[in-house]
Amino acid sequence: MNPSDESELRSSRWFSPDSLRGFGHRSRLKGMGYDDQDFRDRPVVAILNTWSDLNTCHSHFPERVQQVKRGIWQMGGFPVEIPVMSLGEMMMKPTTMLYRNLLAMETEEVLRCHPIDAAVLMGGCDKTVPALLMGAISADLPAIFLPAGPMLKARWKDQTLGSGSDAWKYWDERRAGNLCDEAWGEIENCIARSAGTCMTMGTASTMASIAESMGMTLPGASSVPAVIAEHARLAVATGRRAVELAQEKLRPSAILSPASFDNAIVTSMAIGGSTNAIVHIIAMARRAGFPLTLERFDELSRTTPVLANVRPAGKYLMEDFFDAGGLPALLKQLGDRIDGACATVNRKSIGENIAAAEVIDVDIIRTRENPISPTGGTFVLRGNLAPSGCIIKPTAASPRLLNHTGPAVVFDNYAQLKAKLNDPEAGITADSVLILRNAGPQGGPGFPEWGMLPIPDHLLKQGIRDLVRISDARMSGTSYGTCVLHVAPEASVGGPLALVRNGDLIELSIDQRSLNLLVDEKELAKRQAEWTPPAPRYQRGYGAMFLKHVTQADAGCDFDFLHHGAETPDPDIY
Ligand code: FES
Ligand code: MG
């Protein structure tokens with residue numbers, strides 16, 4: 001968006017003219033109790049707030065908004081709060097991923113259609129982060145991201161619990177008969193200890209770290225726990241900086257470059273971050289006009305060590321990571337793996353921002369000489385089962401299964417999986433390769449987090465906690481196990497996953513970075529000819545638009561018409 005006169009505030013097009021429209025805009029603000037001194041010739045800073053009573057992770061946002069406003073007033077700006085779609089991961093069904101692009105569209109459009117000079121983007125729970133950033137990148141108005149921050153660590157008896165990861169773990173123990181109802185109830189009461197996002201290195205903390213590494217937050221913002229005083233001060237400081245961003249007209253297009261996205265990828269690998277990050281980074285990069293592909297993740301993962309010892313890949317939680325120095329300390333440890341020249345929202349380079357960072361605890365933030373793992377947290381695999389690629393997080397997998405060949409047990413959808421998993425007829429053994437298909441962007445629909453397929457009860461009782469699992473779904477950033485995800489093209493559009501039959505041998509080789517179906521080509525061609533596409537789940541409304549326009553996992557699952565391209569004009573004001 002380019003206001004006609006670059007020295008003028010964009011909002012002055014609404015508020016300055018001596019016209020009937022200008023009169024209308026001013027008089028209605030005055031009807032809200034503001035006078036000229038409040039808003040005339042002041043940068044209008046929008047606060048895009050993803051709060052709702054059903055977004056459990058953002059329950060502190062009503063208080064934080066007031067703190068952001070305080071910072072905006074302090075610097076002579078005019079704060080306006082705009083509620084946008086909330087995307088609370090726990091409550092929304094079938095999956096928030098169905099709605100990421102809707103929030104991205106809403107973000108772009110509310111920024112464009114209103115008198116706004118800069119924006120504070122308040123998000124945190126998984127999809128809110130990429131959605132707000134994708135929208136702000138496309139609108140290209142000055143914007144700064146304020147992460148919700150992680151919850152405090154949970155304690156149960158003498159255990160420290162991490163959201164997601166420990167819920168899955170103890171649920172399996174309960175199914176194995178090792179945990180009574182009372183203990184399970186105690187865990188339910190204590191595992192979410194405060195406002196804030198999941199306090200493992202799940203998707204929320206991964207995406208916040210990525211936003212910081214892309215230069216879109218104040219330094220250190222991504223790991224500050226949600227409910228400590230420092231988080232309130234971060235909110236005020238973010239508001240203050242947003243006013244300067246409006247005055248400087250520092251747009252995302254002046255901050256982001258291919259090197260910023262490389263920094264984002266390296267960061268996501270070094271924190272052992274969520275597999276979901278791959279889809280979101282690709283989507284954000286393509287919004288910015290950089291045609292990022294899975295190859296770049298593969299290249300950078302081969303040379304990036306995992307340094308953050310945080311669950312699910314490691315031992316600690318986000319509060320510990322913050323106390324150990326937070327993301328600036330980790331970025332500094334990465335040294336030349338990070339391009340220090342990249343720009344950030346505070347007008348300093350990322351290298352300048354991390355220059356004084358210090359690691360307080362080298363067990364939590366490791367050195368490059370003593371990493372959690374010498375190479376990246378997420379690997380890209382290819383083969384005849386995933387011609388457009390798929391991914392695995394080896395740091396969260398069982399070493400014994402990383403190179404494994406076994407017979408397939410196929411589930412056509414999640415309902416069938418639930419119904420048949422514990423059926424002895426399914427014949428699942430420790431060597432089986434579980435397959436869930438029709439769970440991708442089109443198939444789920446909406447690309448749900450079903451990729452950590454449950455282990456059958458009889459195997460849990462034998463002490464087995466992991467199997468090779470393959471799907472065209474995603475999995476939660478707090479999940480773990482030998483789960484091959486994001487198989488593309490997905491089964492619902494006729495990808496080879498649709499052709500697998502029970503008993504087919506599947507070969508997973510992390511060493512070769514490959515995933516193959518050991519069935520000869522003639523037989524596969526025969527099965528392909530017999531395949532018919534499933535009926536679309538949605539015939540109307542947003543769901544129908546989603547199915548028509550969503551791209552595959554390797555292209556970021558954005559809508560095809562939202563990629564970077566021709567500029568959308570600013571609205572005319574007559
Ligand atoms: Fe909101 Fe995990 S549920 S961040
Ligand atoms: Mg999650």
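See the structure above.
Notes on the structure follow. Numbers given for residues are sequential positions, taken from 1 along each chain in its written order. Chain A is the first chain written and ligand 1 is the first ligand written, with later ones labelled in order. Restriction of local features to residues with pLDDT of at least 70 applies here, the model being predicted, together with a cutoff of 80 or more for giving and counting side-chain atom pairs; totals for whole chains, interfaces and linings are based on all residues.

1. A short note on the environment of Ile 360
Right, on to step 1. Here a helix means four or more residues in a row that DSSP labels H or I, a strand means two or more in a row labelled E, and each is numbered from the N terminus. Topologically, Ile 360 is positioned in the loop between helix H17 (350-354) and strand E7 (379-383).
Right, on to step 2. If sequence neighbours within four positions are ignored, Ile 360 has contacts with Asp 323, Ala 324 and Gly 325. Note on contacts: each residue gets a C-beta atom placed from the backbone, and two residues are in contact if those atoms are within 7 Å.

2. A short note on the sheet that holds strand E4 (residues 143-147)
Right, on to step 1. Here, strands pair whenever DSSP counts at least two bridges between them. Judged by pairing direction, the sheet is parallel, and its four strands sit side by side in the order E2-E1-E3-E4 without closing on themselves. The two strands at the open ends of the sheet, each matched to only one other strand, are strand E2 (78-83) and E4. Strand-to-strand twist across the sheet, computed as the mean angle between neighbouring axes with direction ignored, equals 20 degrees.
Right, on to step 2. The pairing of strand E1 (residues 44-49) with E2 spans six bridges and is classified as parallel. Bridge assignment links Val 45 to a residue of E2, and that residue is Pro 79.
Right, on to step 3. Across the sheet, helix H6 (residues 128-139) lies against E1, strand E3 (118-123) and E4, angled at about 165 degrees from E3, the strand it touches most. Here an angle of 0 to 180 degrees is reported between the N-to-C directions of two axes, which are lines fitted to C-alpha atoms, with helices fitted over the stretch in contact.

3. Here we look at the pairing of strand E13 (residues 505-509)
Right, on to step 1. Put plainly, a residue is buried at 20 or more neighbouring C-beta atoms within 10 Å of its own, exposed at 12 or fewer, and partly exposed in between, counting only other residues' C-beta atoms, which are placed from the backbone. Only one face of E13 is covered, namely the face carrying Ile 506 and Leu 508; the face carrying Leu 505, Glu 507 and Ser 509 is uncovered.
Right, on to step 2. The pairing of strand E9 (residues 403-411) with E13 spans five bridges and is classified as antiparallel. Bridged to Gly 406 within E13 is Ile 506.
Right, on to step 3. Looking at chain direction, E13 and strand E14 (residues 514-517) are connected through four bridges and run antiparallel. When the bridges of E14 are listed, Leu 508 appears paired with Leu 515.
Right, on to step 4. Linkage of E13 to E14, two consecutive antiparallel strands, is achieved through a turn of four residues, within which Arg 513 is found at a positive phi near 50 degrees.

4. Looking at the environment of Thr 267
Right, on to step 1. Mapped onto the elements, Thr 267 comes out in helix H12 (residues 258-270).
Right, on to step 2. Exposure remark for Thr 267: the 28 C-beta atoms within 10 Å place this residue in the buried category.
Right, on to step 3. Taking the C-alpha atoms as reference points, Thr 267 and Thr 304, separated by 37 residues in sequence, lie 8.7 Å from one another.
Right, on to step 4. Every residue in contact with Thr 267, bar those within four places of it in the chain, is listed here: Ser 209, Ile 210, Ser 213 and Leu 331.

5. Comments concerning unusual backbone geometry
Right, on to step 1. Omega for the bond connecting Gly 444 with Pro 445 falls within 30 degrees of zero, at -10 degrees, which places this linkage in the cis form.
Right, on to step 2. Structurally, Pro 445 is set in the loop between strand E10 (433-436) and helix H19 (457-461).
Right, on to step 3. That bond from Ala 488 to Pro 489 is cis: its omega, -5 degrees, falls within 30 degrees of zero.
Right, on to step 4. Along the chain, the position of Pro 489 falls in the loop between strand E12 (483-485) and E13.
Right, on to step 5. One non-glycine residue, Leu 87, adopts positive backbone phi at about 50 degrees.
Right, on to step 6. Take Leu 87: it is sitting in the loop between E2 and helix H5 (97-113).
Right, on to step 7. When the 28 C-beta atoms within 10 Å are taken as the criterion, Leu 87 is described as buried.
Right, on to step 8. With a phi close to 60 degrees, Cys 557 is a non-glycine residue in the positive phi region.
Right, on to step 9. Looking at the secondary structure, you find Cys 557 in the segment after helix H21 (541-549).
Right, on to step 10. Cys 557 sits in the buried class, given 25 other C-beta atoms within 10 Å.

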